[in-house]
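Spelled out from the first residue to the last, the chains are:
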Amino acid sequence: MKNEFRKICFNMNKHNKYYYSKKIGWQLYKLCKHHKNILFFIPMDTEVDIHWVLKKLRREKKNIFVPFMEDLSFKMVKYQLPLIKKKFSILEPDNKQKTRIKIDLAIVPIVGIDLTFRRIGFGKGMYDRFFDKLGYRPKVVFVQLKPCFSKNVLTQKHDVRADEYISFNIYKRSKNDSFNNFSRYDIIRSRGIYYRKKNGCGKV
Ligand SMILES: Nc1nc2c(c(=O)[nH]1)N(C=O)[C@@H](CNc1ccc(C(=O)N[C@@H](CCC(=O)O)C(=O)O)cc1)CN2
Ligand SMILES: Nc1ncnc2c1ncn2[C@@H]1O[C@H](COP(=O)(O)OP(=O)(O)OP(=O)(O)O)[C@@H](O)[C@H]1O
């Protein structure tokens, strides 16, 4: 089930990436105004392109951290240039020094999300292990280029759960809600987005 859904999300068209990324990037930027120490990520080709947000926040003296892969998980290192291409073609800073600063916000890229607000990723459990080891829970915000959610429960308890979810024209808070209930406030401007009946894969 999980793998099938993952495939559906992967195969969604990625047209208009630049436009989508710009809009989502602004949402993320606004969100970061209230936070100082933030775990971000360096986007892969299939993800929201937020390089400009990273640079802008760094100029504004925020402490920005990104994943640095280590075995089956990753540590947090300070975001700084140059970036070097690593496993899975992921870019990472050269700096290998793990930070001791406590983050108050984590922006997490996802492949998909299910009814319980939990993450479907690449299937390696890296973010799950990372949050397990962290020992505290920052605010967790999932981000995705095009919405891809399942109306079924596909995840387990160990999967990372979001407090908020951001995608193109969608901003959703988890609270006690499930991902199934959309109010008109969640869909900021739904024109052009169509949700399939079975799985909620946004089509534009
Ligand atoms: N930008 C970004 N950085 C991240 C993650 C992420 O999801 N996004 N991670 C989150 O855990 C970690 C890296 N985890 C990964 C685990 C597996 C694959 C992987 O299997 N990649 C496939 C290609 C997938 C595709 O695009 O079709 C491969 O290279 O074969 C990639 C990343 C840490 N850094
Ligand atoms: N905290 C953990 N400690 C040990 N193993 C874990 C932990 N979290 C997840 N795993 C294992 O990692 C594997 C992948 O997990 P899962 O299928 O949930 O990945 P995913 O959430 O889809 O992808 P990812 O987190 O890599 O983006 C599973 O075999 C799972 O048992």
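Reading guide: rules and limits
Residues numbered from 1 in each chain as written. Chains lettered and ligands numbered in written order. Predicted model: local features only at pLDDT ≥ 70, side-chain atom pairs only at ≥ 80, totals over all residues. Heavy atoms only, no water. UniProt positions renumbered as here; feature names shortened; annotations may be inferred. Helix = DSSP H or I, 4+ residues; strand = E, 2+ residues; numbered from the N terminus. Buried < 20%, exposed > 50% of the residue type's maximum accessible area, 1.4 Å probe, protein only. Contact = heavy atoms within 4.5 Å. 1 Å grid on protein atoms, 1.4 Å probe; cavity = no way out; pocket = protein on both sides within 12 Å on 5 of 7 lines; lining within 4 Å. Points joined across faces, edges and corners; volume = space filled by probe spheres on them. Nonpolar A, V, L, I, M, F, W, Y, C, P; charged D, E, K, R; others polar. Near = heavy atom within 4 Å. Polar contact = N/O pair within 3.5 Å; in protein donor to acceptor, adjacent residues only side chain to side chain. Areas by Shrake-Rupley, 256 points an atom, 1.4 Å probe, with all protein chains shown as cover. Disulfide = S-S within 2.5 Å.

- Under an unreviewed UniProt entry, the chain has the name 5-formyltetrahydrofolate cyclo-ligase and belongs to Nautilia profundicola.
- The annotation that UniProt attaches to the chain under Catalytic activity (unreviewed entry) is "(6S)-5-formyl-5,6,7,8-tetrahydrofolate + ATP = (6R)-5,10-methenyltetrahydrofolate + ADP + phosphate".
- The record in UniProt for the chain states the following under Cofactor (unreviewed entry): "Mg(2+)".

1. Structural notes on the environment of Gln-80
- Here Gln-80 shows up in the loop between β3 (73–78) and β4 (83–85).
- For Gln-80, a relative accessible area of 31% corresponds to the partly exposed category.
- Placed 52 residues apart in sequence, Gln-80 and Leu-28 show a C-alpha to C-alpha distance of 19 Å.
- In contact with Gln-80, other than residues within four places in its own chain, are Arg-58, Pro-93 and Asn-95.

2. Focus on empty space enclosed by the protein
- Taken as a whole and judged by the stated rule, the model has 1 cavity of 30 Å³ or more.
- One number sums up the size of the largest cavity: a volume of about 200 Å³.
- Lining of the largest cavity is provided by 16 residues; of these, Lys-14, Thr-46, Ile-110, Val-111 and Gln-144 occupy positions nearest its centre.
- Residue composition of the lining of the largest cavity, grouped by class: 11 nonpolar, 2 polar and 3 charged.

3. Let's talk about the environment of Tyr-79
- Within the element layout of this structure, Tyr-79 appears in the loop between β3 and β4.
- Judged by relative accessible area, which is 2%, Tyr-79 ranks as buried.
- Excluding anything up to four places from it in sequence, Tyr-79 contacts Ile-42, Leu-54, Lys-55, Arg-58, Ile-64, Phe-65, Val-66 and Pro-93.

4. Digging into the site of ligand 2
- In the vicinity of ligand 2, 15 residues are found, and the nearest of them are Arg-6, Arg-119, Gly-125, Asp-132 and Asp-159.
- Residue Asp-128 places a side-chain N or O atom 3.4 Å away from an oxygen atom belonging to ligand 2.
- Between an oxygen atom of ligand 2 and a side-chain N or O atom of Asp-159, the distance comes to 2.6 Å.
- Across the complex, the protein chains shield 71% of the 640 Å² of accessible surface that ligand 2 would expose by itself.
- Among the secondary structure elements, those contributing two or more residues to the shell around ligand 2 are α1 (2–10) and α4 (126–134).
- Looking at which element gives the most residues to the shell around ligand 2, the answer is α4, with 5 residues.

5. Examining the state of the cysteines
- Within the structure shown, the criterion is met by 1 disulfide.
- A disulfide bridge connects Cys-9 with Cys-148, and the sulfur atoms are separated by 2.2 Å. On the sign convention where negative means left-handed, the S-S torsion of about -85° between Cys-9 and Cys-148 marks this disulfide as left-handed. Pair noted here: Cys-9 is in helix α1 and Cys-148 is in strand β10 (residues 148–150), with a separation of 139 residues, a long-range link. Grouping residues by exposure puts Cys-9 and Cys-148 together as buried.

6. Digging into unusual backbone geometry
- A cis geometry characterises the amide bond from Leu-81 onward to Pro-82, with omega recorded as 0°.
- Even without being glycine, Asp-71 reaches a positive phi, approximately 50°.
- You can see Asp-71 is positioned in the loop between β2 (63–70) and β3.
- Of note in this structure, Phe-88 is not a glycine but carries a positive phi near 60°.
- With respect to the helices and strands, the residue Phe-88 is situated in the loop between β4 and β5 (91–93).
- Of the residues examined, Phe-88 reaches a relative accessible area of 45% and is grouped as partly exposed.

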